[in-house]
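# Inside the fold
Single-letter residue listing:
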Amino acid sequence: MDIKQCLFSTMTGVVNLQGKPVANVRLVRTINYNKDIVDETVTDENGAFEFTAVFRNNYAGKILPMEFVVSQLIIAHHEGKEYEMWAGVKRKPEENAESRGKPLVVTCELGLEELNYKGVDGSPITSLCTWDAEPDPIRDYSLFEEDNED
Amino acid sequence: MSRRSPQLTSDLAKDVYDISTAPTLNAALNILNIKYKGSFTFADSNLLNARTGGPAGIKISSAFGFVLLGQGALAGHAFILFRGTQLLADWLTNFNVAPARSDSGYLVHDGFNKSFNSMKPKLEEFRKILTKEKIKFVHCIGHSLGGALATLCANWLQNKYSTYLYTFGSPRVGLYDFSNYLTAEMTSKRIYRVYHKTDPVPMIPTWPFVHVPESGQDYWLPSPGVLPSPEYHAMDKYTTSVSTNSWGTLSGYREAHKDDIQIAQWLMEKTRATFSMNTLRWLGNALIYVLKKIKAIVSAQQITGQFTVMDHLAYVLAKGINLVEVLSNWVLLFIRKVMEILGLKPVEKSGELNKDFIRNMLSRLQAKINTQVEAALRYQV
């Protein structure tokens, strides 16, 4: 029984620097799920880019069900500098899990001083990007500690 | 009691995968720092000293997981997190190996033990940090095969620290004596074994491996259906089922414990037993019931590591046959149930039983269970 799993959903978007779209930014994507899959693209004159989705077939026959844990990384190369534009861990095999089922459309700002963190349906993503997806609520664990019984 | 909540421990069991898979150090630190709001730091000083902000993929953890030190309200607590790894899987259904001696001297699965021992040098380093940081409480946490490693880690540390063990969908780790020892030492108040009713992984390795805790409370979560269902092994199914419930609430899901009288009645039942998950649960309880009766009379045997696990069990049961009439009757009833489940005509008298015969029946049953579990696991999601 083969099951198609999405390792990285199709991502379209724009790369900005100080709010202005930047052309010719080299974007290198590395996906790791037991092995590295690397590809790259370059932003066009409008700062726009697209990475198409990457899938794998999860073949039957293994003895243990394996956790779905995929490392996603996009490094932006611009004028001799490197930026961690997207560093996520995909935890759901469905396509567009990174954006709760909607197409993944990002706006990235290389000039950000701090990396954004967002958990989306259990997948934690650190990035220089914003996209339309409600973040997972941050839990307050201190409220859930057990009482000191006996 | 300094146990931590189901929500915190199940989230950590999930996040050990995320943090150890995160492609950059920043991404790993963000998961820890933002999600847990500064409640933890990594114990690995190499990690803390690692260059931050560098985009190069940083190997942020050792293969098994990592150690977190509690901050603020969690000062004095350390959390040792283990991730499941596919590398251990092949060992699970291979029983033609001698069991190995664990740190407490009791026999455990050789594959898990080897794997745990390979982590020892790293864990020894962490132990020095625990001493330096004046850690009092150690929480060993793991999902799947990581649960087996967390169990061995708790076994290793429990007489040095106030140790808590939390496992989610863990396979069985050791033989009866191991489980009995660790349960007695830690008590079930410090052992939190969480499993979905239909998760197939806790069904393996089959007997004579026995779960920890061997008796007392465990945390059985409902999942749909009656057949083994691999999707209920996934960690996110566990975090969802656990949700924000307390241990007290989760303990209420447990089906009623089979007490000794019920088990004895089941063994004596005239109706033929058939193969099902429910029958296997009964049989597992009955095995422990019979073993306890034998152990109460037979002094602790020096079983060498040269026995395979099946030899060990057959040896102990055969011992019971030879000792006292009342024991041999319980062994006979147990073997009769095994034969019924196998679709064989049960033997009538204990005189027909000897070690080889018992071993043969147990091996056939084990082969049957393995076939069923493997078939279920092939339909993985």
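The following paragraphs examine the structure supplied in this document.

Let us now look at the pattern of salt bridges. This model, assessed by the stated rule, comprises 18 salt bridges over all chains. Note that Arg91 of chain A and Asp18 of chain B form a salt bridge whose closest N and O atoms lie 2.5 Å from each other. Residue Arg91 of chain A is located in the loop between strand 9 (81-90) and strand 10 (104-109), and its partner Asp18 of chain B is located in helix 1 (residues 6-21); the two belong to separate chains. Given the relative accessible area of 9%, Arg91 of chain A is considered buried. Residues Lys337 of chain B and Glu340 of chain B are paired through a salt bridge, measuring 3.3 Å at the closest nitrogen-oxygen approach. Of this pair, Lys337 of chain B and Glu340 of chain B both sit in helix 13 (residues 325-341), separated by three residues, roughly a single helical turn. Both residues of the pair, Lys337 of chain B and Glu340 of chain B, count as buried. Among the charged side chains, a network of salt bridges with common partners joins Glu67 and Arg91 of chain A together with Lys14, Asp15, Asp18 and Lys35 of chain B.

Below, the discussion takes up the sheet that holds strand 9 of chain A. The strand order across the open sheet built from six strands is 5-4-8-9-12-11 (chain A), with neighbouring strands paired in antiparallel fashion. The sheet is open, and its two edges are formed by strand 5 (36-42) and strand 11 (116-120) of chain A, each paired on a single side. Pairwise comparison of adjacent strand axes, ignoring direction, gives a mean angle of 15° for this sheet. Here strand 4 (residues 26-32) of chain A pairs with strand 8 (residues 70-78) of chain A via seven bridges, running antiparallel. Looking across to strand 8 of chain A, one finds that Arg29 of chain A is bridged to Ile74 of chain A. Running over the sheet, helix 2 (residues 25-35) of chain B touches strand 9, strand 11 and strand 12 (123-127) of chain A and is turned about 70° from strand 11 of chain A.

Moving on to the packing of aromatic side chains. The tally for this structure, following the rule as stated, stands at 17 aromatic pairs over all chains. Ring centres 4.5 Å apart and planes at 35° place the aromatic pair Tyr192 of chain B and Trp247 of chain B in the tilted group. Taken together, the positions of Tyr192 of chain B in strand 9 (residues 191-196) and Trp247 of chain B in helix 9 (residues 247-251) put the pair 55 residues apart, joining distant regions of the chain. Assessed through its relative accessible area of 1%, Tyr192 of chain B is described here as buried. The class for Trp247 of chain B is buried, based on a relative accessible area of 1%. Linked through ring pairs, Tyr166, Tyr192, Tyr219 and Trp247 of chain B together constitute an aromatic cluster. Of note, Lys118 of chain A hangs over the ring of Trp131 of chain A, and the distance from its end group to the ring centre comes to 4.3 Å. One cation-aromatic arrangement involves Lys237 of chain B over Tyr232 of chain B; the distance from NZ or CZ to the ring centre is 5.3 Å.

Turning our attention to the pairing of strand 2 (residues 11-17) of chain A. All names here are of chain A. Relative to strand 6 (residues 48-51), strand 2 runs antiparallel, the two being bridged by four bridges. Considered in strand 6, the bridge of Val14 is made with Ala48. Inspection of the sheet shows strand 2 paired to strand 3 (residues 20-21) by two bridges, in the antiparallel sense. The partner of Asn16 across the bridge, within strand 3, is Pro21. Two successive antiparallel strands, strand 2 and strand 3, enclose a turn made up of two residues, where Gln18 displays a positive phi of approximately 50°.

Moving on, we get to the side chain of Thr239 of chain B. Residues and elements named next belong to chain B. Relative to the elements of secondary structure, Thr239 occurs in helix 8 (residues 235-242). Reaching out from Thr239, the side chain makes a polar contact with the backbone oxygen of Asp236 at a distance of 3.0 Å. Setting aside its immediate chain neighbours within four residues, Thr239 contacts Ser10, Asp11 and Lys14.

The next subject is the state of the cysteines. Enumeration according to the criterion identifies one disulfide over all chains in this entry. Cysteine Cys6 of chain A is unpaired, with the sulfur of Cys129 of chain A as its nearest cysteine sulfur at 17 Å. Under the relative-accessibility criterion, Cys6 of chain A is labelled buried at 1%. Cys140 of chain B takes part in no disulfide bond, and the closest cysteine sulfur, belonging to Cys153 of chain B, lies 3.9 Å away. In this structure Cys140 of chain B comes out as buried when scored by relative accessible area, which is 0%.

Calculation criteria
- Residues numbered from 1 in each chain as written.
- Chains lettered and ligands numbered in written order.
- Predicted model: local features only at pLDDT ≥ 70, side-chain atom pairs only at ≥ 80, totals over all residues.
- Heavy atoms only, no water.
- Salt bridge = Lys/Arg side-chain N within 4 Å of Asp/Glu carboxyl O.
- Helix = DSSP H or I, 4+ residues; strand = E, 2+ residues; numbered from the N terminus.
- Buried < 20%, exposed > 50% of the residue type's maximum accessible area, 1.4 Å probe, protein only.
- Pairing = 2+ DSSP bridges.
- Axes fitted to C-alpha atoms, helices over the stretch in contact; angles between N-to-C directions.
- Contact = heavy atoms within 4.5 Å.
- Phe/Tyr/Trp six-rings, centres within 6.5 Å; stacked < 30°, edge-to-face > 60°.
- Lys NZ or Arg CZ within 6 Å of the ring centre and 35° of its normal.
- Polar contact = N/O pair within 3.5 Å; in protein donor to acceptor, adjacent residues only side chain to side chain.
- Disulfide = S-S within 2.5 Å.

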